[in-house]
Every structure is written in C-alpha cells, then in structure tokens.
Amino acid sequence: NDMIILDIFKYFASFVPKDALRRTFRAPDGKQYRALMDEVLSSGADRVQDGITDFIFGTDADKLATVITSVTGIYLFVEYDRVSSTIDATSDRKDDRFHVAVTVACPVPDSADLVGAAITQDRCLEILSSIRRVMRNDDDLKRGIAWMDYPATLTVFSSKALAASQGWSMEFDIYGIDIV
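In this text, all values refer to a predicted model and were calculated from it rather than measured experimentally.

About the cut-offs
- Residues numbered from 1 in each chain as written.
- Predicted model: local features only at pLDDT ≥ 70, side-chain atom pairs only at ≥ 80, totals over all residues.
- Heavy atoms only, no water.
- Pairing = 2+ DSSP bridges.
- Helix = DSSP H or I, 4+ residues; strand = E, 2+ residues; numbered from the N terminus.
- Axes fitted to C-alpha atoms, helices over the stretch in contact; angles between N-to-C directions.
- Contact = heavy atoms within 4.5 Å.
- Salt bridge = Lys/Arg side-chain N within 4 Å of Asp/Glu carboxyl O.
- Buried < 20%, exposed > 50% of the residue type's maximum accessible area, 1.4 Å probe, protein only.
- Expected span 1.5 Å × (residues − 1).
- Arc of directions from axis to C-beta.
- Disulfide = S-S within 2.5 Å.
- Phe/Tyr/Trp six-rings, centres within 6.5 Å; stacked < 30°, edge-to-face > 60°.

> Give me the lowdown on the sheet that holds strand β5 (residues 165-177), citing residues and values where you can.
Strand order in the open sheet formed by 5 strands is β1-β2-β3-β5-β4, and the pairing between neighbours is mixed. Of all strands in the sheet, those with a lone pairing partner are β1 (52-57) and β4 (145-159), marking the two edges. Within the sheet, the average angular offset between the axes of one strand and its neighbour, ignoring direction, is 20°. Pairing between strand β3 (residues 93-107) and β5: 13 bridges, direction antiparallel. The partner of His99 across the bridge, within β5, is Asp173. The sheet strands contacting helix α4 (residues 61-69) are β1, β2 (74-88) and β5, and the helix crosses β1 at an angle near 170°. Packing of helix α5 (residues 114-136) onto the sheet brings it into contact with β1, β2, β3, β4 and β5, and relative to β5 it is tilted by some 15°.

In structure tokens:
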C-alpha cells in the first residue's frame, strides 16, 4: 500500500510514447528519481497512444502552467485531488477511492476557427476513449486495485490559462483495498 502516486504516474506513462516521456523528466535529482525514470523509459510500448507529444503529471498550478506553455501538440495530463476511505464492516477491510482526472488536450492557436477546434476536440476524445477502453480491463487483482472504478465522467476541457488548450477530461476513482 505504498507509493500509490508513483504507481499512478507509471500506469499513465505507459500510454505515452518514449520520446514524450523523456521530456517529462526535466530535472533528474536523486536515486529514487533516476530509478523511476529508468523504469518508465525501459517499460514496454504495447499500450502507447499515437499522437501524444507530452506527459504532464501533478497538482502544482504554477508549474503546470509553465510546462504547458512549452507544449505544441497533444498532451496527456493527469492530476489527483482526494482520497475517500470506507471500512467494510464484515471483513474489517479498508476500501480507498483515489479521485483522478485524466485530460487529453492540445493548445489551440487563436487563428483556429470553430471547425479547427472541433477537429482538435475529436482527436483528443478519440485518444481518451482509447485509454478508457484499455483501463476497463486493467484491474490488478493481485494488489486489489481497479484502475477505473465507475462511474467515469467525460467533459470538454477548455483552458485559456493552460496555453488556450482544448480537449477532453475524464474524472473517475481508482479503487483499491488499503492503498493509502
């Protein structure tokens, strides 16, 4: 039940092409950082989603804005914000739900019209839907983790603050037995 945040990082990194992942690791510092970088960059590519140019992970609004301003293509952005826990009275087991938002978006230039924006939205939704299809069958029964505990809500993502990005977000819970 340790390192769930890093497990989430590694899980979603598996959808991102290696050249995009290399850009994610901007300031390698320390043994744990380097070990994580080596593990992620050496993992298989069987679930990579073509078209993703950047992987952004975290919750620091200022750092996110800075990173996203340098992005020109479609990015996968993963953020998390709360854990809900309950106790199963019959088994005295603690069930945790880790709330996560996964966004596939792309900066849309001011010169783009509504049709251009719709094309971007469509491509982002296609990638996000493909990730969701993989996640439906990805439960880690050995560790008691369901990577997607339904319901999942998909919404349009539009953020002027994040490089005028447009795309789609999916909010859901990762369910696990005593993961936090």
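Once you've had a look at it, read on.
> Provide a residue-level description of the pattern of salt bridges, including the pertinent values.
One pass over the structure, following the stated rule, counts 12 salt bridges. For Asp95, the salt bridge goes to Arg93, with nearest N and O atoms at 2.7 Å. Its relative accessible area of 29% is what places Arg93 among the partly exposed residues. A salt bridge links Glu126 to Arg123, with the nearest nitrogen and oxygen atoms 3.3 Å apart. Placement of both Glu126 and Arg123 in helix α5 is noted, with a separation of 3 residues, approximately one turn of the helix. Note on Glu126: relative accessible area 45%, which makes it partly exposed. Residues joined by salt bridges that share partners form a network here, namely Asp7, Lys10 and Glu39.

> Give a detailed account of helix α3 (residues 31-42), specifying residues and quantitative values.
Here α3 spans 16 Å end to end across 12 residues, near enough to the 16 Å set by a 1.5 Å rise per residue. When α3 is considered as a whole, its buried residues turn out to be Leu36, Met37 and Val40. Buried residues of α3, seen end-on, are gathered within an arc of 100° and therefore sit on one face of the element. Facing away from the buried surface of α3 by more than 90 degrees, the exposed residues are Lys31 and Ser42. Structurally, α3 contributes buried residues whose contacts are with α1 (4-13) and α2 (18-24).

> Got a sec to walk through the environment of Thr72? Specific residues and values, please.
Turning to its location among the elements, Thr72 is positioned in the loop between α4 and β2. Using a relative accessible area of 72% as the deciding quantity, one classes Thr72 as exposed. A C-alpha to C-alpha distance of 17 Å links Thr72 and Trp168, two positions 96 residues apart in sequence. The residues contacting Thr72, other than those within four sequence positions of it, are Cys106 and Pro107.

> Let's hear about the state of the cysteines: which residues, and what values?
Summed over all chains, the structure comprises 0 disulfides. Of all cysteine sulfurs, the one in Cys124 lies closest to Cys106, which takes part in no disulfide; the gap is 5.9 Å. Judged by its relative accessible area of 11%, Cys106 falls in the buried class.

> How would you summarise the pairing of β1 if you had to cite specific residues and measurements?
With 5 of 6 residues buried, β1 is to be regarded as a mostly interior element. Bridge count between β1 and β2: 5 bridges; the pairing is parallel. Paired with Asp54 across the bridge in β2 is Tyr75.

> Tell me about the packing of aromatic side chains, residues and numbers included.
For the coordinates displayed, the defined rule picks out 12 aromatic pairs. Ring centres of Phe9 and Phe57 lie 5.1 Å apart, and the angle between their planes is 85°; this geometry places the pair in the edge-to-face category. Of this pair, Phe9 sits in helix α1 while Phe57 sits in strand β1, placing them 48 residues apart in sequence. When sorted by exposure, Phe9 lands in the same class as Phe57, which is buried. With a centroid separation of 5.0 Å and 85° between ring planes, the pair formed by Tyr11 and Phe12 is classed as edge-to-face. The residues Tyr11 and Phe12 share a single accessibility class, namely buried. Three or more aromatic residues joined by ring pairs form one cluster here, namely Phe9, Phe25, Tyr33, Phe55, Phe57, Tyr80 and Phe98.

The analysis is restricted to geometry; functional conclusions fall outside its scope.
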